[in-house]
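Coordinates in review
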Amino acid sequence: MHLLQVSQLQKKYGNHEVVQNVDFHINQGECVALLGPNGAGKTTIIKMILDINKLTGGKILLNGKRHDQMRKFIGYLPQHPTFYPWMTGRELLTFMGGLSNIEREILEQRINELLELVGLGEVENQLIGTYSGGMKQRLGIAQALIHQPKLLIMDEPVSALDPLGRRDILELLKVIKQKSTILFSTHILHDAEELCDKMLIINKGQLLVNGSIHQIMEQTQKPIFIIQAPRLSEWTHQLVNEDIVESIELTGNAAKVR
Ligand code: ADP
């Protein structure tokens, strides 16, 4: 049985169908990238999995079942996490652990382990307001893991960071993925390839490609490689299956499909 099974997922805002019949699954232990340009529908899909956004159509099952409180099972790092700046890192994790009703002694031990894992041990008693962007992302990851979720979902966790900060967080995620199941949303192919085994490439609410890069290359003898990822000076060529769509071009933040 798949850990997460998404079937015929659909979301409409008025007449605008922003997610169209999307099917995919995630198995335990996998790291899956949700890759697509801005506006493709990544956040909408994530928020439907989390049961923040209501589904227009389709089904989402975790271990074969429908759950009312997905947040109990899923750790979530939103695209723009906000933290109370007058709390310390440790205070925030204690507070969040309290919300999950974790017993005090177990919680303290878990916070110690998480702070060490994300490399914030030395600044745990500093105010979050003094943290850099990368430190806040590390704290957000620790916060998402506090209740030992079955699935960790991160929405563009490295996109807002400078290249060095991005590298640091990717290295941290490589460690975390050894023990976690991850859904990692990004618009940068390079990051998806580096971290994940499987890719879901999405554009305009449609799932174009689903599989490992290796499989995708094997399945089509004529891959055409497309997308440009607008990220500082990096313009990474990206892959899309020519059988499905001829080409996608990203110009700035806009995607054109031909
Ligand atoms: P991504 O995460 O890939 O950047 P989103 O899921 O945020 O994409 O957005 C997908 C599309 O849905 C976009 O066209 C966006 O404008 C639209 N959208 C997102 N949220 C809303 C909303 N609350 N109301 C109307 N349209 C929305």
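Up top is the structure these notes are about.
Quantities reported herein were computed from a predicted structural model and do not represent experimental measurements.

**With respect to helix α3 (residues 104-118)**
- With 15 residues, α3 extends 21 Å from end C-alpha to end C-alpha; this agrees with the ideal 21 Å at 1.5 Å per step.
- Those residues of α3 hidden inside the fold are in contact with α2 (89-99), α4 (133-145) and α5 (163-176).
- With its phi angle positive at about 75°, G119 sits one or two positions after the end of α3.

**Overview of the pattern of salt bridges**
- Counting across every chain of the model gives 11 salt bridges.
- For E124, the salt bridge is made with R90, and the minimal N-O distance between the two is 2.6 Å. With E124 in the loop between α3 and α4 and R90 in helix α2, this pair connects stretches of sequence that are 34 residues apart. Of the two residues, E124 and R90, both sit in the buried class.

**Considering the packing of α4 against α5**
- Running from N to C, α4 and α5 point in directions that differ by 20°, and their axes come no closer than 10 Å. Of the possible angle classes, the one that applies to α4 and α5 is roughly parallel. Of the two elements, α4 crosses α5, and the hand of that crossing is right-handed. Here G134, Q137, R138, I141 and L145 of α4 lie close against α5, whose contacting residues are D168, I169, L172, L173 and I176.
- Residues of the contact of α4 with α5, tallied by class, amount to six nonpolar, two polar and two charged.

**What to know about the nonpolar core**
- By size, the foremost hydrophobic cluster in this structure holds 43 residues, and its most contacted members are L139, I141, M154, L173, I176 and F184.
- Beyond its immediate sequence surroundings of up to four residues, I176 is in contact with L117, I141, L145, L152 and I182.
- V6, V22, M70 and L200 belong to the second-largest nonpolar core, a separate cluster that totals 26 residues.

**Here's the deal with α5**
- For α5, spanning 14 residues, the distance from its first C-alpha to its last is 20 Å, which sits close to the expected 20 Å at 1.5 Å a residue.
- Along α5, the positions that sit buried rather than exposed are G165, R166, I169, L170, L172, L173 and I176. Buried residues of α5, seen end-on, are gathered within an arc of 160° and therefore sit on one face of the element.
- Close packing links the buried residues of α5 with α3, α4, β6 (151-155), β7 (182-186) and α6 (189-195).

**A short note on the environment of K174**
- Secondary-structure assignment places K174 in helix α5.
- Looking at K174, the relative accessible area reads 26%, which means it is partly exposed.
- Separated by 22 residues in the primary sequence, K174 and C196 have C-alpha atoms spaced 8.9 Å apart.
- One polar contact links K174 to E194, side chain to side chain, over a distance of 2.9 Å.

**Structural notes on the site of the ligand**
- Taken together, Y13, H16, V18, P37, N38, G39, A40, G41, K42, T43 and T44 make up all the residues around the ligand.
- Between the ligand and A40, the relevant distance is 3.1 Å, taken from an oxygen atom to a main-chain nitrogen or oxygen of the residue.
- Within the contact set of the ligand, an oxygen atom lies 2.9 Å away from a backbone nitrogen or oxygen of G41.
- For the ligand, whose accessible area on its own is 570 Å², the fraction buried by protein is 59%.
- Contributions of two or more residues to the shell around the ligand are made by β2 (16-26) and α1 (42-49).
- The element that contributes the greatest number of residues to the shell around the ligand is α1, accounting for three residues.

The rules we used
Residues numbered from 1 in each chain as written. Predicted model: local features only at pLDDT ≥ 70, side-chain atom pairs only at ≥ 80, totals over all residues. Heavy atoms only, no water. Helix = DSSP H or I, 4+ residues; strand = E, 2+ residues; numbered from the N terminus. Expected span 1.5 Å × (residues − 1). Contact = heavy atoms within 4.5 Å. Salt bridge = Lys/Arg side-chain N within 4 Å of Asp/Glu carboxyl O. Buried < 20%, exposed > 50% of the residue type's maximum accessible area, 1.4 Å probe, protein only. Axes fitted to C-alpha atoms, helices over the stretch in contact; angles between N-to-C directions. Parallel < 35°, antiparallel > 145°, perpendicular 65-115°, else oblique. Left-handed = near helix turned anticlockwise from the far one by under 90°. Nonpolar A, V, L, I, M, F, W, Y, C, P; charged D, E, K, R; others polar. Core = buried A, V, L, I, M, F, W, Y, C linked by side-chain atoms within 4.5 Å. Arc of directions from axis to C-beta. Polar contact = N/O pair within 3.5 Å; in protein donor to acceptor, adjacent residues only side chain to side chain. Near = heavy atom within 4 Å. Areas by Shrake-Rupley, 256 points an atom, 1.4 Å probe, with all protein chains shown as cover.

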